[in-house]
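Commentary on secondary and tertiary structure
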There are 2 protein chains.
Amino acid sequence: MTTEPVGAERAVELARVFKALGDPVRLRLLSLIASHEGGEACVCELTGVFDLKGPTISHHLKVLKEAGLITGDRRGTWIYYRVSPDTLRGLADVLALDDAGVPA
Amino acid sequence: MTTEPVGAERAVELARVFKALGDPVRLRLLSLIASHEGGEACVCELTGVFDLKGPTISHHLKVLKEAGLITGDRRGTWIYYRVSPDTLRGLADVLALDDAGVPA
DNA sequence: CCTCTGTCTCGACATCCATCGAAACAAGGA
DNA sequence: TCCTTGTTTCGATGGATGTCGAGACAGAGG
């Protein structure tokens, strides 16, 4: 087994997503969105949870969006965010592989 | 459903581990260790894979170790690292919960 | 048109982080 | 003991990141 399970380029992509999860606020944002009724939440419902100003929340949501972890669409005045299950599942798969050692 | 699935303190712990995974080099180190014969690898076998000096590899291994993702023990001249499956599985569980939305 | 509210962008600041060279520490062998 | 090799720690430096205030943009409703 000389081949590396996680290659250099793939590691860069994965690291970008894991880095997006590497902040307590973003982790809680993702959790709040995922658990919110209907699987989506607007920014106004997320901002009040933290002792952080609007621009900071907006920044974290942008990071999550650019990592492919959430998507947002505007409906009228409000912007609703929901999680992207595929990206999350991809990460879980990688962790499972690392856990199992050498893959099939 | 007003309770937050991932609370504030737990988010801090989880973020620390995800942050450790948020670097391409550390991701590949973890992968290399996990896939190496016997489930363990010594630093000398890891250093040559990257265009990085010894201190940098040592630093990344320290970050992984402090995150609880790997353990290292010295046997004679060499130090062997192996992955901690429990920590990895814990992360996979969290991702699965976020994916599923509201947990059971 | 104006205003109000929700959200984002921009620019700044302090802090953190990845990387390295130099030096220290650990273990084995001459 | 000294030397050599493997690994870590220390200190420094350039670049990334979290946070915020001020302002801009978008949409709804007078």
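Everything that follows concerns the structure shown earlier in this document.
These remarks concern the structure in this document. (Residues numbered from 1 in each chain as written. Chains lettered and ligands numbered in written order. Predicted model: local features only at pLDDT ≥ 70, side-chain atom pairs only at ≥ 80, totals over all residues. Heavy atoms only, no water.)

**Here's the deal with helix 5 (residues 85-100) of chain A**
One turn of an α-helix holds 3.6 residues; hence residues three or four places apart share an orientation. The following threshold applies: We count a stretch as a helix when DSSP gives it H or I for four or more residues in a row; a strand needs E for two or more, and each element gets its number in order from the N terminus. One less than the number of residues in a helix, times 1.5 Å, gives the span that helix is expected to have. For this analysis, residues touch if any pair of their heavy atoms sits within 4.5 Å.
For helix 5 of chain A, spanning 16 residues, the distance from its first C-alpha to its last is 23 Å, which sits close to the expected 22 Å at 1.5 Å a residue. The inward-facing, buried residues of helix 5 of chain A contact helix 1 (8-21) and helix 2 (24-35) of chain A together with helix 1 (8-21), helix 2 (24-35), strand 3 (78-83) and helix 5 (85-100) of chain B. Gly101 of chain A sits one or two positions beyond helix 5 of chain A and adopts a positive phi of about 80°.

**Brief notes about the protein's contact with DNA strand C**
Stated formally: The nearness test applies per residue and asks whether one of its heavy atoms lies within 4 Å of the molecule or strand. By the criterion applied in these results, polar contacts are pairs of N or O atoms within 3.5 Å in which, for protein atoms, one can donate a hydrogen and the other can accept it, and in which residues neighboring in sequence qualify only through two side-chain atoms.
Around DNA strand C, the structure places 23 residues, and the nearest of them are Cys44 and Tyr81 of chain A together with Arg26, Thr56 and His60 of chain B. Sugar and phosphate atoms constitute 82% of the interface atoms of DNA strand C, taking the interface as everything within 4 Å of the protein. The side chain of Tyr81 of chain A places a nitrogen or oxygen atom 2.4 Å from a phosphate oxygen of DNA strand C. Interatomic distance of 2.7 Å between a side-chain N/O atom of Arg26 of chain B and a phosphate oxygen of DNA strand C. Those elements giving two or more residues to the surface near DNA strand C turn out to be helix 3 (43-47), helix 4 (54-66) and strand 3 (78-83) of chain A together with helix 4 (54-66) of chain B.

**As for the relation of the copies chain A and chain B**
Using the following cut-off: We superpose the copies by least squares over the C-alpha atoms of residues that have a pLDDT of at least 70 in both of them.
Each copy superposes on the other: chain A lies on chain B with an RMSD of 0.0 Å after a rotation of 180° and an axial shift of 0.0 Å. Expressed as a symmetry operation, the mapping of one chain copy onto the other fits a two-fold axis. When the interface residues of chain A are mapped onto chain B, 100% of them again lie at the interface, so the same face is used by both copies.

**Some thoughts on the sheet that holds strand 2 (residues 70-75) of chain B**
Residues and elements named next belong to chain B. To keep things clear, this is the line we draw: In this analysis, strands are considered paired if DSSP registers two or more bridges between them. Each axis is a line fitted through C-alpha atoms, and for a helix only the stretch in contact is used; angles between axes span 0 to 180 degrees, taken between their N-to-C directions.
The strand order across the open sheet formed by 3 strands is 1-3-2, and the pairing between neighbours is antiparallel. The open sheet has two edge strands, strand 1 (40-42) and strand 2, and neither has a second partner. Between one strand axis and the next, the sheet turns by 30° as a mean value, whatever way the strands run. Sheet topology note: the strand 2/strand 3 ladder contains 6 bridges and is antiparallel. When the bridges of strand 3 are listed, Gly72 appears paired with Tyr81.

**Quick notes on the environment of Tyr80 of chain A**
Residue and element names in this part refer to chain A. Note the following rule: Accessible area is worked out with a 1.4 Å probe on protein chains only. A residue is then buried under 20% of its type maximum, exposed over 50%, and partly exposed in between.
Tracing the backbone shows Tyr80 in strand 3. When its relative accessible area of 22% is taken as the criterion, Tyr80 is described as partly exposed. Each C-alpha atom of the pair Tyr80 and Cys42 lies 4.3 Å from the other, and the pair is 38 residues apart in sequence. Not counting residues up to four positions away in its chain, the partners in contact with Tyr80 are Glu40, Ala41, Cys42, Thr71, Gly72, Asp73 and Arg75.

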